[in-house]
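Fold and contact review
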Amino acid sequence: MAELEGLHFGKSDFVLLDEVTMEQFLENLKLRFEEGRIYTFIGEVVVSVNPYRQMDIYGNDVIEAYRGRELYENPPHLYAVADAAYKAMKRRAKDTCIVISGESGAGKTEASKYIMQYIAAITNPSQRQEVESVKSVLLKSNCVLEAFGNAKTNRNDNSSRFGKYMDINFNFNGDPTGGHINNYLLEKVRGVCVCDLLKSLHLNKDPTDYTYTSQGAASTDDRSHHRAVMSALKVIGFSQEEINSIYKILATILHLGNLKFENEAENVQLVGGDLVMHISELTGTEVESMRKALLYRTVATGGGEVIEKGHSEQEASYGREALAKALYERLFGWIVGRINSVIEVKNYNPALHGKNTVIGVLDIYGFEIFDNNSFEQFCINYCNEKLQQLFIELILRQEQDEYQREGITWQHIEYFNNQIIVDLVEQPHKGIISILDDACLTVGKVTDSACLDSMNDKLGHHPHFTSRKLTPTDKTMEFNRHFRIRHYAGDVMYSVEGFLDKNKDPLFQDFKRLMFNSSDPILKEMWPDGKLSITEVTKRPLTAATLFKNSIIALVDKLACKEPYYVRCVKPNEVKSPMLFDDARCQHQVAYLGLLENVHVRRAGFAYRQPYDRFLQRYKMTCEYTWPNHLMGSDREAVEAIVLQHNFEGDVAYGHTKLFVRTPRTLFTLEQERTALIPILVLFLQKVWRGALARMRCRRMRAIYTIMGCYKRYKVKAHFWEVERRFANVRNMTDYGKSVEWPAPPASLMQFHRITQHLYRRWKARQIIKNIPPSDMAEVRAKVAALGALSGERTDWGFGRSWERDYLANVRSNTFFFTFLEFALFNISLSFSLSLSPFQLNWFNNTKDRALLITDKHIYRLEPKKHFKVQKRIPIETVRCLSLGPTREAQPNQSGWLWWTADT
């Protein structure tokens, strides 16, 4: 990392400091801040300094530079710790969490947003629509929760007034499938400027007209922020009806802040009736019911009688404030629940979809020290004490305890254990929360000062608690008002005024029942406890401090079961300057965050540890003696073989059950070699598997061919049997089986089928010819020859009658008498004679009767009407072709035209 950044930027990891002192730590932190390097490592912990300016270190190119890289391959960055948490979750199927801590204004909220954006950017490379939808809702939820849960304070322009812990669920591919959000202690009503709302909400555009927004200043960005929030609500899935209900509740809160009460005789009256009408209209309640709830309280007596008790002016104002805060708190809780209903993992079956892993991101209010610290700061600082205790448990004490348990040589590091402060707040029967609860449950009027006296009595000897009564010389505190707790982050003086009222449930049951009976279904949904009647409400609800304590304990338990990654945020100055580094302010934060102790532990300890079996399972392919399985006596011996082969024995230590690796570079070298071997192993496994698949396919094909062969043989035999059955009696049939239909042969017997048919036809012909007299065989052969020449050319060529040859001499078929005897007188051998009537003589369609006579030497054309006078004689040797054509009037012994081709 030093090579990547350059030494002039300072040490990128505090573990590399020459000497671990507060002076060197602050000097390095200041140098990096002034050089624009706001992130620094302590091992795997990222120290982040708020730059108070926009920095160009969060683009897509930076995301790609950190994707899949080890922590020390790139300069320190939030993306590095986010990628480390993601890789640990994906590689080892282990739940991880990123805890972002620091005081108010140190940049925790921005850090959580950058971490969420990075995780969204590196997941779902295939761009599956359902995963993209989940990512969009997760990112947009930040915008909505900030709008309703953050506020501008004197120390921070965007201070989180609530704690947010988000679990992001991932499938086995490492793609987000959903999530869940937990919120902790919405501190108070946040002033919301809603100047753009419709007139139906009865609001003015000037926020100074309303008590709850009069102390805030409108920003030029409010309009764009408002549009962004509305867009985010629609992306998440809020309907227009739900958005309208949110507007109405916000408008109701602003109107409640302007409600005034005055004493009139012995009763308290509302000043201005229009506001009550507006509030009733916006909440969907009756005007008289709202007025009654604001001025009276319904009380059930021991005998079951219900009476109405009028409020004093102070009680009425107190009830109005309680209703406004409860409306906002329940609205915020409903919004969180609505988002959870959208992003929760649905229809997830581990057996079908694989293990569901989680990355948790905690963004919670930081340690606060104001001029006037009340009940809210007490709860917030208690939360930070619990988180610091978790940090001590996981990073400091747990690490040292593990070294001792594993028998690793170790130099003990002294650190402050804040368990004593946590016990001061939460210990049963003795802690401050227990004392507050007892005071709230005490019958009668118990004041805040009386509660402080009880603390003095029970906690007077505690080293981290004091008050003016216990230390009379400390004039910074007032009697019966202040007490001081020595937190890990510094001493904080709290004003006890309002502790009891804020701790107990401040809302009268009349308001709960009124809201439950609202005609607005969304508002009604927020008040399920209002369905109980006055006589059914008997059990006291848990106090605010106890509820908060239980939720923080549950949060710590949830974080403790995950592999933690830390971002420790530091605020460089109080004036939000990008140039000023306040040494004293930063030294105080470094001290209470325990960063120096963390450096000591990292320098003395080991960056990575893993049980022998898991280490062996991951890296056994890097050693020839352990792949694929070792034959050694134990897994430890196999791990030693891996270490020796890579010459890492000087950088590791062997515990009883785990291997400890001192520097990340050793682990990175193993990861590099493993990454290089994975493709080779994959190819080998693919080869083996493909061979197995090929063998299975071969066996299957052989079986198929065997079945096909048997089936083909069966089909052949079946065909033979069928042919034999059909033609068994053809010898005795009159047509010798001509009428028998041949069975369709299988494809393999098509040629055989044609040969068989040919043989059958020859046999049938033989049977027919056997019965023909020898004297007729010449004519039969002539007809066979004619069949070959005229088949398809003429429909009737006389195959059904006997051929006479000399048709002119046949008195039965010729009208002209002509005898062969006349030619015999001249010793002429007659071959063929025929009458042609009509005969086309020329191209002018003039036709005359003619006769044709063919001898062995000449072709004669005769004229029948002139006693067969020879009209033309053509030597036979000069004729190459002689053709006869039919006419519609031709008789069987006649032809319509004659065409010949001669050499002359």
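How each quantity is defined
Along every chain, residues carry numbers that run from 1 in the direction the sequence is written. In view of the model being predicted, local features appear only for residues whose pLDDT reaches at least 70, and side-chain atom pairs are presented and counted only at 80 or more, with totals across whole chains, interfaces and linings using the full set of residues. To obtain the side-chain values, all non-hydrogen atoms of the structure were included, while hydrogens and water were left out. Paired strands, as defined in this entry, are two strands with at least two bridges between them according to DSSP. The helix count covers DSSP runs of H or I at least four residues long, the strand count covers runs of E at least two residues long, and both are numbered beginning at the N terminus. Axes here mean lines fitted to C-alpha atoms, for a helix over just the part in contact, with angles spanning 0 to 180 degrees between N-to-C directions. Throughout, a residue-residue contact means that at least one pair of heavy atoms, one from each residue, lies within 4.5 Å. Here a pair means two rings of Phe, Tyr or Trp (six-membered ring of Trp) with centres within 6.5 Å. Their orientation is stacked below 30 degrees between planes, edge-to-face above 60, and tilted elsewhere. Burial classification: accessible surface area is computed with a 1.4 Å probe over protein chains only, and a residue below 20% of its type maximum counts as buried, one above 50% as exposed, and the rest as partly exposed. Each C-beta atom gives one direction from the helix axis, and the arc is the one those directions make. Just to be clear on terms, a salt bridge is a Lys or Arg side-chain nitrogen sitting within 4 Å of an Asp or Glu carboxyl oxygen.

Going by an unreviewed UniProt entry, the protein carries the name Myosin motor domain-containing protein and comes from Electrophorus electricus.

1. A few points about the sheet that holds strand β1 (residues 39–42)
Ordered by their spatial adjacency, 7 strands build an open sheet running β1-β2-β16-β3-β12-β6-β7, and the pairing between neighbours is mixed. The open sheet has two free edges, formed respectively by β1 and β7 (176–184), since each of these has just one partner strand. For this sheet, the mean angle separating the axes of adjacent strands, direction not counted, is 20°. Note: β1 against strand β2 (residues 45–49), 4 bridges, orientation antiparallel. Within β2, the position partnered with Thr40 by the bridge is Val47. The sheet contacts of helix α2 (residues 22–34) involve β1 and β2, and relative to β1 the element is tilted by about 145°. Taken strand by strand, helix α6 (residues 129–149) contacts β6 (163–170) and β7, and its axis lies near 20° from that of β7.

2. Thoughts on the packing of aromatic side chains
Inspection of the entire model under this criterion finds 25 aromatic pairs. Where Tyr66 meets Tyr79, the ring centres are 6.3 Å apart and the plane angle is 75°; that geometry is what we call edge-to-face. Of this pair, Tyr66 sits in helix α3 (residues 60–66) while Tyr79 sits in helix α4 (residues 78–92), placing them 13 residues apart in sequence. Taken individually, Tyr66 and Tyr79 each receive the classification buried, so the pair is uniform in this respect.

3. With respect to the pairing of strand β8 (residues 260–264)
Bridge count for β8 against strand β9 (residues 267–271) is 5 bridges, and the pairing is antiparallel. Pairing of Phe261 across the sheet is with Leu270, part of β9. Here β8 hands over to β9 after 2 residues, with Ala265 in that stretch at a positive phi of 60°.

4. Some thoughts on the sheet that holds strand β19 (residues 658–661)
Here we have 3 strands laid out as an open sheet, ordered β17-β19-β18, and antiparallel in their pairing. Because the sheet does not close on itself, it has two edges, and the strands there are β17 (608–611) and β18 (652–654). Going across the sheet, the axis of each strand differs from the next one's by a mean of 20°, ignoring polarity. The pairing of β18 with β19 spans 3 bridges and is antiparallel. Paired with Tyr654 across the two strands is Leu659, which belongs to β19.

5. Some words on helix α23 (residues 612–619)
Each full turn of the α-helix corresponds to 3.6 residues, which orients residues three or four apart in the same direction. Within α23, burial applies to Tyr612, Phe615, Leu616, Arg618 and Tyr619. Projection of α23 onto a plane perpendicular to its axis shows the buried side chains occupying an angular sector of 165°, all on one side.

6. Describing the environment of Glu313
Inspection of the secondary structure puts Glu313 in helix α11 (residues 313–343). For Glu313, a relative accessible area of 33% translates into the label partly exposed. The spacing of Glu313 and Lys260 is 53 residues in sequence and 9.1 Å in space, taken between C-alpha atoms. Setting aside anything within four residues of it in sequence, one finds Glu313 in contact with Phe261, Glu262, Asn263 and Val268.

7. Looking at the environment of Asp510
Position of Asp510 among the secondary structure elements: in helix α18 (residues 509–516). Placed 218 residues apart in sequence, Asp510 and Lys292 show a C-alpha to C-alpha distance of 9.0 Å. Setting aside residues up to four positions removed in sequence, Asp510 forms contacts with Ala293, Tyr296, Arg297 and Thr298.

8. Brief notes about the pattern of salt bridges
Counted by the stated rule, this structure contains 27 salt bridges. As a salt-bridge pair, Glu132 and Lys135 come within 2.9 Å of each other at their nearest N and O atoms. A residue pair is termed a helical-turn pair when its members lie 3 or 4 positions apart in one helix, as Glu132 and Lys135 do in helix α6 at 3 residues. The shortest N-O distance in the salt bridge between Glu722 and Arg726 comes to 2.7 Å. Residue Glu722 and its partner Arg726 are located together in helix α25 (residues 664–726), separated by 4 residues, close to a single helical turn. Among the charged side chains, a salt-bridge network with shared partners connects Glu103, Lys571, Glu574 and Arg585.

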